[in-house]
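# Overview (structure and organization)
Chain residues, written in single-letter form:
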Amino acid sequence: MRIFKFGGASVKDANGVKNVVNVLKEVGHANTMLVVSAMGKTTNAMEEVIRCYFDDKDALAAAIQEVVTYHDSILVDLFGNNHHPVFNSVKSFFSDLESFIESNKSPQHSFVYDQIIGYGELISTTILSAYLNEVGIKNDWLDVRNLIKTDDNYRDATVSWEKTQEKITERVNKEKLNITQGFLGSDDNNFTTTLGREGSDYSAAILAYCLNATDVSIWKDVPGVLNADPRFFKETQLLNTISYREAIELAFYGASVIHPKTLQPLQRKEIPLHVKSFINPKDAGTTVGKGAGIEPKVPCFIVKRNQVLMKLSSLDFSFIVEENISELFKLLHDYKMKVDLIQNSAISFSVCVDNKFGQLENLLSELKGKFKVAHYEDVSLYTIRHFNQEAIKSLQEGKEILIEQRGKETVQLVVK
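Read on for a plain summary of the structure. Numbering of residues starts from 1 in every chain and runs along the sequence as written. Since the coordinates come from a predicted model, pLDDT governs what is reported: local features require at least 70, and pairs of side-chain atoms require 80 or more to be given and counted, while whole-chain, interface and lining totals use all residues. As a rule here, side-chain values come from all non-hydrogen atoms in the structure, and water together with hydrogens is ignored.

Bringing empty space enclosed by the protein into the picture now. Where empty space is left becomes clear once a probe the size of a water molecule has been rolled over the atoms. Throughout, the protein atoms alone are placed on a 1 Å grid, and a set of points is a cavity if a 1.4 Å probe fits but cannot get out or a pocket if it is open with protein on both sides within 12 Å along at least five of seven lines; lining residues have an atom within 4 Å of a point. Grid points are joined across faces, edges and corners, and a volume is the space filled by probe spheres set on the points. Under the criterion given, the structure shown has one cavity of 30 Å³ or more. By volume, the largest cavity is sized at about 40 Å³. Around the largest cavity, the lining residues are Met310, Leu312, Leu328, Leu331, Leu332, Val351, Leu363 and Leu367. Numbering of helices and strands runs from the N terminus; a helix is a DSSP stretch of H or I covering at least four residues, while a strand is a stretch of E covering at least two. Those elements giving two or more residues to the lining of the largest cavity turn out to be strand 12 (300-314), helix 11 (322-334) and helix 12 (360-367). Following the grouping adopted for this structure description, the nonpolar residues are Ala, Val, Leu, Ile, Met, Phe, Trp, Tyr, Cys and Pro, the charged ones are Asp, Glu, Lys and Arg, and the polar ones are all others, Gly among them. Of the residues assigned to the lining of the largest cavity, the class counts are eight nonpolar, no polar and no charged.

Below is the structure:
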């Protein structure tokens, strides 16, 4: 069995849905499972519904209506009128959403988030399934919440692998085209859970592992995995193959390749992962699998913007030793700073962090009572895997280098 994952960009409108049909006709769809995300920016719109539920009840109805209108327009474009049964199916999901909002008594944000957010995926897959049936591509729609079982750590649930294997074996007919949702699961009480960052890709990997899939294809609007983000770098190159280990290394440094948690179940069973273009589905794209390094072996550029660099030194020129470093990491943890680079010497300690939760001022206030502190906001952290001097020079020109750190395969530069 093959697993195909389609993200929100691939089904953002009626033309996107029709293009999925074209992809399936070109590459085949026997013995395949489609894992599909919410349409377009629906997840953002559903997060606005959640925000209104907690903070702005007066705007809640309008926020829901915006999601309804968006999906209604796609339905009309695909089916032409409201006589098709799929209109009632989608309407039923919105009725369930409104019933939850009216009856919910839980004040827990993460729980409410998971119960609301998943309607985007349930609706997108319902629409796609109905359209495929309409054009003669018969399929089974499956609720992934009946397949992937998790704990109740809402918004970042952990998979219960044994229960998940049992459910998938019991409910999935490998000889059919199946359609299900990415990102979602359910706990032992059958409440919806979500799988955290890159959850839809992870869903595809979980299903692949449990179904012993031949491969997984992630369909994107790019030709495959590139050696740099084209939004930030002018010249980019397609990577034909990447080993599991190399992909994990790139992801660790911040490349939007594939999240390590997606790769781990695939690596265990050596299931290859293809990153392919839904615009040119016959193109080879990039394959992530067992092997050595990357091909072609070219420098890979990764950038993290809006970082904060802090340089700390002891007030009395004493050594910064294990006790100090332990305390520093505890503070970074307490103030929810994601550490992206560290460098230390006998009397100084530098750290580049992502101030994602806006706790920088509070952290600095506490640090200044114990250390001499200099900090730089709005810096960029560049990482080059498989660097050469030309690659380093291209990043250094016209920039103030605050820190440079080199290893055998990787160089990192913090620049202003």
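Now, onward.
Glancing now at the packing of aromatic side chains. Pairing of aromatic rings covers Phe, Tyr and Trp, the last through its six-membered ring, and needs centres within 6.5 Å; plane angles under 30 degrees mean stacked, over 60 mean edge-to-face, and all others mean tilted. Per the counting criterion, the structure on display carries 14 aromatic pairs. Chaining the aromatic ring pairs together yields one cluster made of Phe100, Phe111, Tyr154 and Phe191. Only lysine NZ and arginine CZ atoms are considered, and such an atom sits over a ring when it is within 6 Å of the ring centre and within 35 degrees of the ring normal. Lying across the ring of Tyr209, Arg268 places its NZ or CZ 5.0 Å from the centre.

Next up on the list: the sheet that holds strand 4 (residues 178-181). Any two strands with at least two DSSP bridges between them are considered paired. If you trace the nine strands from one edge of the open sheet to the other, you get 3-4-2-1-7-9-10-8-11, paired in mixed fashion. In the strand order of this sheet, the two ends are held by strand 3 (140-141) and strand 11 (294-295), each with one partner. Strand contacts of helix 6 (residues 119-134): strand 2 (32-36), strand 3 and strand 4, with the helix running at about 165° to strand 4, the strand carrying the most contacts. Packing against the sheet, helix 8 (residues 199-211) makes contact with strand 1 (2-6), strand 2, strand 4 and strand 7 (215-220), and its axis sits at approximately 170° to strand 1. Contacts are assigned to residue pairs that have any heavy atoms within 4.5 Å of one another. Throughout, an axis means a line fitted to C-alpha atoms (over the contacting stretch in the case of helices), and angles, computed between N-to-C directions, take values from 0 to 180 degrees.

Right, let's get into a nonpolar patch on the surface. Residues enter patches when their relative accessible area tops 30% and they take part in no salt bridge; the joining distance is 9 Å for like charges and 5 Å for the nonpolar side chains Val, Leu, Ile, Met, Phe, Trp and Tyr. Only the protein chains shown count as cover for residues, with accessible areas throughout obtained via the Shrake-Rupley method and a probe of 1.4 Å. Within this document, salt bridges are pairs made up of a side-chain nitrogen of Lys or Arg and a carboxyl oxygen of Asp or Glu, the two lying within 4 Å of each other. On the surface, Phe317, Phe319, Val321 and Ile347 cluster together into a nonpolar patch covering about 420 Å² of accessible area. Val321 sits in the partly exposed class, given a relative accessible area of 37%. For the exposure calls, accessible area comes from a 1.4 Å probe over protein chains only, and a residue counts as buried if that area is under 20% of its type's maximum, exposed if over 50%, partly exposed in between.

Moving on to the pattern of salt bridges. Within the structure shown, the criterion is met by 15 salt bridges. Of the charged contacts in the structure, one is a salt bridge between Arg51 and Glu48, with a shortest N-O distance of 2.9 Å. Taken together, the residues span about one helical turn, with Arg51 and Glu48 both in helix 2 (residues 42-55) at a distance of three residues. Here Lys304 and Asp340 are joined by a salt bridge, their closest N and O atoms 2.7 Å apart. Residue Lys304 is located in strand 12, and its partner Asp340 is located in strand 13 (residues 338-344); the two are separated by 36 residues in the primary sequence. On the basis of relative accessible area, Lys304 is assigned to the buried category, the value being 16%.

Quick look at the side chain of Lys5 now. Of note, Lys5 is situated in strand 1. Among the polar contacts listed, one links the side chain of Lys5 to the side chain of Asp201, at a separation of 3.0 Å. Aside from chain neighbours lying at most four places away, what touches Lys5 is Val35, Ser37, Ser200, Asp201, Ala204, Ser217, Ile218 and Trp219. Throughout this description, a polar contact denotes any pair of N or O atoms lying within 3.5 Å of each other; where both atoms belong to protein, one of them has to be capable of donating a hydrogen while the other can accept it, and for residues adjacent in sequence the pair is counted only when both atoms sit in side chains.

Working rule for helices: expected span equals 1.5 Å times residues minus one. Helix length check: helix 11, at 13 residues, gives a terminal C-alpha distance of 18 Å against a target of 18 Å (1.5 Å per residue), a fit within 8%. Lining the buried residues of helix 11 we find strand 12, strand 13, strand 14 (348-354), helix 12 and strand 15 (371-385). Two residues or fewer after helix 11 comes Lys336, characterised by a positive phi angle close to 55°.

A few words on the packing of helix 3 (residues 60-79) against helix 6. Following both chains from N to C, one finds helix 3 and helix 6 inclined at 5°, their axes separated by 11 Å at the closest point. In terms of orientation, helix 3 lies roughly parallel with respect to helix 6. Residues His71, Leu75, Leu78 and Phe79 of helix 3 form the contact with helix 6, whose participating residues are Ile123, Ile127, Ala130, Tyr131 and Glu134. Residues that form the contact of helix 3 with helix 6 fall into these classes: seven nonpolar, one polar and one charged. The cut-offs work like this: below 35 degrees is roughly parallel, past 145 is roughly antiparallel, 65 to 115 is roughly perpendicular, and the gaps in between are oblique.

Another aspect to go through is the sheet that holds strand 15. Strands pair in a sheet through their backbones, by hydrogen bonds, and they do so in one of two ways: parallel or antiparallel. In space, the six strands of this open sheet follow the order 13-14-12-15-17-16, with antiparallel pairing throughout. Only two strands of the sheet have a single partner each, and these edge strands are strand 13 and strand 16 (401-406). The average undirected angle you get between the axes of adjacent strands in this sheet is 30°. Sheet strands in contact with helix 12 are strand 12 and strand 15, and its direction is about 130° off that of strand 15.

Once that is clear, we can look at the pairing of strand 16. As defined by bridge partners, strand 16 adjoins strand 17 (residues 410-415) across five bridges and the pair is classed as antiparallel. Bridge pairing links Ile401 to Val415 in strand 17. Where strand 16 folds back onto strand 17 in an antiparallel hairpin, the turn is made up of three residues.

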